[in-house]
Amino acid sequence: MEKLIIDGGIPLHGTVTPSGNKNEALPALAAALLTDEEVVLSNVPLIGDARTIAGLVADLGADVTWSDDHRVTIRAQHLRTTVLNPALCRSARASILLAGPTLARCGTVDLYPPGGCKIGRRRVDTHFLAFEALGATVDAGETFVIRAPHGLHGQDLFLDEASVTATENAIMAAVLAKGTTVIRNAACEPHVQGLCRLLTAMGAQIDGIGSNILTIQGVDRLHGAEHRIGPDIVEVGSFIGMAAATGGGVTIRQAAPEHLRMILLEFAKLGVQAEVRGDDVFIPSGQTLKAVPEVNGGVPKLDDGPWPQFPTDLMSVLIVVATQAAGTVLVFEKMFENRLFFVDSLIQMGAQIVLCDPHRAVVVGPSVLRGGVVVSPDIRAGIALVIAALCAKGRSEIRNIGQIDRGYERIDGRLRALGARVERIAEE
Ligand code: EPU
């Protein structure tokens with residue numbers, strides 16, 4: 001395992017281009033199982049989770065070829081098994097994304113309870129609700145055994161929550177089902193939209209992309225396609241947070257500003273100014289951050305929710321920025337019950353935070369953070385600790401960065417290009 005050594009206090013400056021969206025790339029890799037023809041994905045981030053999902057797809061018998069320029073070519077001409085590799089299932093939550101396409105293609109799939117970030121209860125009920133409604137049986141013990149011997153049949157589904165990966169699984173199962181499927185209360189994040197665009201390029205018939213009602217007309221077969229993964233908006237938000245918290249000036253190129261409206265509104269509650277310049281977002285240097293009171297003078301609330309609300313995956317970044325803003329804010333993390341526990345590390349570094357309960361924290365700023373030795377518990381808390389270290393006085397050591405590498409490509413090199421003093425060294 002490796003660690004990052006960061007000498008803080010240096011404002012970041014320069015230009016950065018976000019990687020391809022992790023959470024679009026993962027279902028896109030899985031979707032290639034739906035056809036025996038070649039699927040070519042470009043702008044795939046070179047990160048741990050993408051390698052894990054590509055590894056699972058290859059383990060089922062598909063040919064998977066990576067090239068250095070972020071292109072992945074997948075040909076699932078013949079599948080040798082429908083039983084997923086248990087070790088790979090346990091190393092990424094997104095392994096469950098292979099269930100829908102494998103079931104649709106072969107009528108059967110066996111998988112193992114998925115691993116991934118320890119950020120709270122990760123229920124799989126919505127996935128199974130969708131498969132059962134489409135005509136499959138699910139036996140969920142130590143392994144998940146899913147069978148559809150008579151094929152999948154279109155249904156009018158109402159998901160019990162707008163789960164991202166359950167929506168993606170339901171879509172991938174429905175595109176080859178007989179008849180029409182309507183998915184109501186569907187998640188509609190940019191990555192769900194990206195998956196739908198790939199499937200449409202493969203010949204699927206999907207209406208309502210971008211909304212929470214999707215209507216899918218099943219087809220007999222899908223064909224090969226080429227698809228470019230869109231920019232990772234969580235990375236964009238992470239770079240906005242880094243620039244703002246360090247007082248630096250950073251241009252984020254090709255940042256998909258059409259998807260950033262809520263994200264910029266939430267950062268604006270901390271006084272962060274961002275200029276949208278065409279496809280780019282510019283964060284001016286030397287901003288004075290300040291929690292902006294509500295109209296009646298009330299304490300501002302930073303909260304998340306399913307799209308188009310503020311993404312939960314950026315909440316930890318927002319908390320670090322809040323430690324650098326004058327005033328008090330209430331953070332209300334509604335989605336995951338363990339996500340806020342990393343604030344202990346920020347408190348250790350000098351932040352003024354009261355964790356009220358697993359979902360709410362009060363942050364009082366600004367605090368002068370000091371360098372510390374901290375452990376990255378998950379991808380997003382990991383990047384938040386990197387940001388805290390970048391604006392802290394002195395040297396920090398961030399351990400367990402395998403977590404960060406699961407979601408952020410070459411983060412140390414890209415930060416050095418923005419002027420940060422960051423070294424990656426082996427943990428003894
Ligand atoms: N939830 C609600 N209400 C809803 C929808 C979800 O409370 O209407 C709760 C769920 O109960 C759960 C949490 O929110 O506790 C997330 O639920 P979801 O099923 O949507 O999560 P997921 O599909 O397992 C994907 C991303 C996560 C991201 C979530 C939420 C992938 C591969 N993973 O997970 O990404 O946090 O959606 O947006 O797409 C990450 O990238 O670091 C990451 C954890």
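Computed from a predicted model, the values in this text were never measured in an experiment.

A. Broad picture of the overall build of the chain. If you tally the helices and strands in the chain, you get 14 helices and 23 strands. For 428 residues, the compact-globule formula gives about 22 Å, and the C-alpha radius of gyration of the chain, at 22 Å, lands near that figure. On the principal axes, the C-alpha backbone points of the chain span a range of 65 × 50 × 45 Å. When the 428 residues of the chain are sorted by exposure, 57% land in the buried category. Expressed as a percentage of contacts within the chain between residues at least 6 apart in sequence, the contacts between residues at least 24 apart total 72%. Counting only carbon and sulfur atoms, one obtains 50% of the accessible surface of the chain, whose full area is about 16,200 Å².

B. Structural view of the site of the ligand. Around the ligand sit 19 residues, and of these S163, V164, T165, D313 and R380 come closest. A distance of 3.1 Å separates an oxygen atom of the ligand from a polar atom in the side chain of N23. E161 places a polar side-chain atom, nitrogen or oxygen, 2.9 Å from an oxygen atom of the ligand. Here the ligand, which alone exposes 830 Å², has 89% of that area covered by the protein. Taking a 2 Å distance to the grid points as the criterion, the majority of the atoms of the ligand fall inside the largest pocket. Put simply, the parts of the chain that give the shell around the ligand at least two residues each are α1 (22-31), α6 (164-174) and α12 (379-391). Residues of the shell around the ligand, tallied by class, amount to eight nonpolar, four polar and seven charged.

C. Structural context of the domain arrangement of the chain. With domains assigned, the chain is organised as domain 1 (2-19 + 231-426) and domain 2 (22-228). Computed from C-alpha atoms alone, the centre-to-centre distance between domain 1 and domain 2 is 31 Å. Of the residues lining the interface, 20 residues belong to domain 1; the matching set on domain 2 comes to 21 residues. Buried area between domain 1 and domain 2, summed over both chains or domains, comes out near 1,800 Å², and the portion from carbon and sulfur atoms is 54%. Across the pair R406 and D49 runs a salt bridge whose closest N-O atoms are separated by 2.8 Å. Across the domain 1-domain 2 interface, the total number found is six residue pairs in polar contact (both at pLDDT 80 or more). Where the side of domain 1 that touches domain 2 is concerned, the elements lending two or more residues are α12 and α13 (402-405). Looking at the side of domain 1 that touches domain 2 residue by residue, the classes come out as six nonpolar, five polar and nine charged.

D. A look at the layout of surface pockets. Here the largest pocket defines a volume of roughly 960 Å³. As for the largest pocket, its lining consists of 43 residues, and the residues nearest its centre are R122, V164, T312, M335 and F336. Broken down by element, the residue count for the lining of the largest pocket peaks at four residues, all from α1. Residue composition of the lining of the largest pocket, grouped by class: 17 nonpolar, 10 polar and 16 charged. Of the residues that make up the lining of the largest pocket, three or more belong to each of domain 1 (2-19 + 231-426) and domain 2 (22-228).

E. Focus on helix α4 (residues 99-106). Most of α4 sits out of view: six of its eight residues are buried. Within α4, the full set of buried residues consists of A99, G100, P101, T102, L103 and A104. Where the residues of α4 are buried, they touch α1, β6 (108-111), α5 (125-133), β8 (144-147) and α6. One or two positions beyond α4, positive phi appears at G107, with a value near 80°.

F. The arrangement of unusual backbone geometry in detail. Looking along the chain, the bond that leaves W307 and enters P308 is cis, with omega of 10°. Positionally, P308 belongs in the loop between β17 (301-303) and α10 (315-323). A positive phi angle, near 60°, is found at N43, a position not held by glycine. Note on placement: N43 falls in the loop between β3 (38-42) and α2 (48-59).

G. Representation of the sheet that holds β17 in the model. Read across the open sheet, the four strands follow the order β17-β18-β20-β19; overall the sheet is mixed. Pairing within the sheet leaves two strands with one partner each, and these edge strands are β17 and β19 (352-357). Here the average twist between neighbouring strands, direction ignored, is 20°. Pairing geometry for β17 and strand β18 (residues 327-332), over three bridges, is parallel. Considered in β18, the bridge of K301 is made with L330. With respect to the sheet, α10 is in contact with β17, β18, β19 and β20 (360-365), its orientation differing from that of β20 by roughly 30°.

H. Up close: the nonpolar core. Judged by nonpolar contacts, the single largest core of 73 residues is most densely connected at M242, L270, I319, L346, L390, I398 and L415. For this core, the element with the highest residue contribution is α12, accounting for 11 residues. Setting aside residues no more than four positions away along its own chain, L415 makes contact with L12, M242, V386, L390, A420 and V422. In this structure, A28, V44, A94 and C196 belong to the second largest nonpolar core, which totals 72 residues.

Here is what the cut-offs are and how they apply
Residues numbered from 1 in each chain as written. Predicted model: local features only at pLDDT ≥ 70, side-chain atom pairs only at ≥ 80, totals over all residues. Heavy atoms only, no water. Helix = DSSP H or I, 4+ residues; strand = E, 2+ residues; numbered from the N terminus. Rg over C-alpha atoms; globule rule 2.2 N^0.38 Å. Buried < 20%, exposed > 50% of the residue type's maximum accessible area, 1.4 Å probe, protein only. Contact = heavy atoms within 4.5 Å. Areas by Shrake-Rupley, 256 points an atom, 1.4 Å probe, with all protein chains shown as cover. Near = heavy atom within 4 Å. Polar contact = N/O pair within 3.5 Å; in protein donor to acceptor, adjacent residues only side chain to side chain. 1 Å grid on protein atoms, 1.4 Å probe; cavity = no way out; pocket = protein on both sides within 12 Å on 5 of 7 lines; lining within 4 Å. Sits in = over half its atoms within 2 Å of the grid points. Nonpolar A, V, L, I, M, F, W, Y, C, P; charged D, E, K, R; others polar. Domains from an automatic or database assignment. Buried area = accessible area lost by both parts, 1.4 Å probe. Salt bridge = Lys/Arg side-chain N within 4 Å of Asp/Glu carboxyl O. Points joined across faces, edges and corners; volume = space filled by probe spheres on them. Pairing = 2+ DSSP bridges. Axes fitted to C-alpha atoms, helices over the stretch in contact; angles between N-to-C directions. Core = buried A, V, L, I, M, F, W, Y, C linked by side-chain atoms within 4.5 Å.

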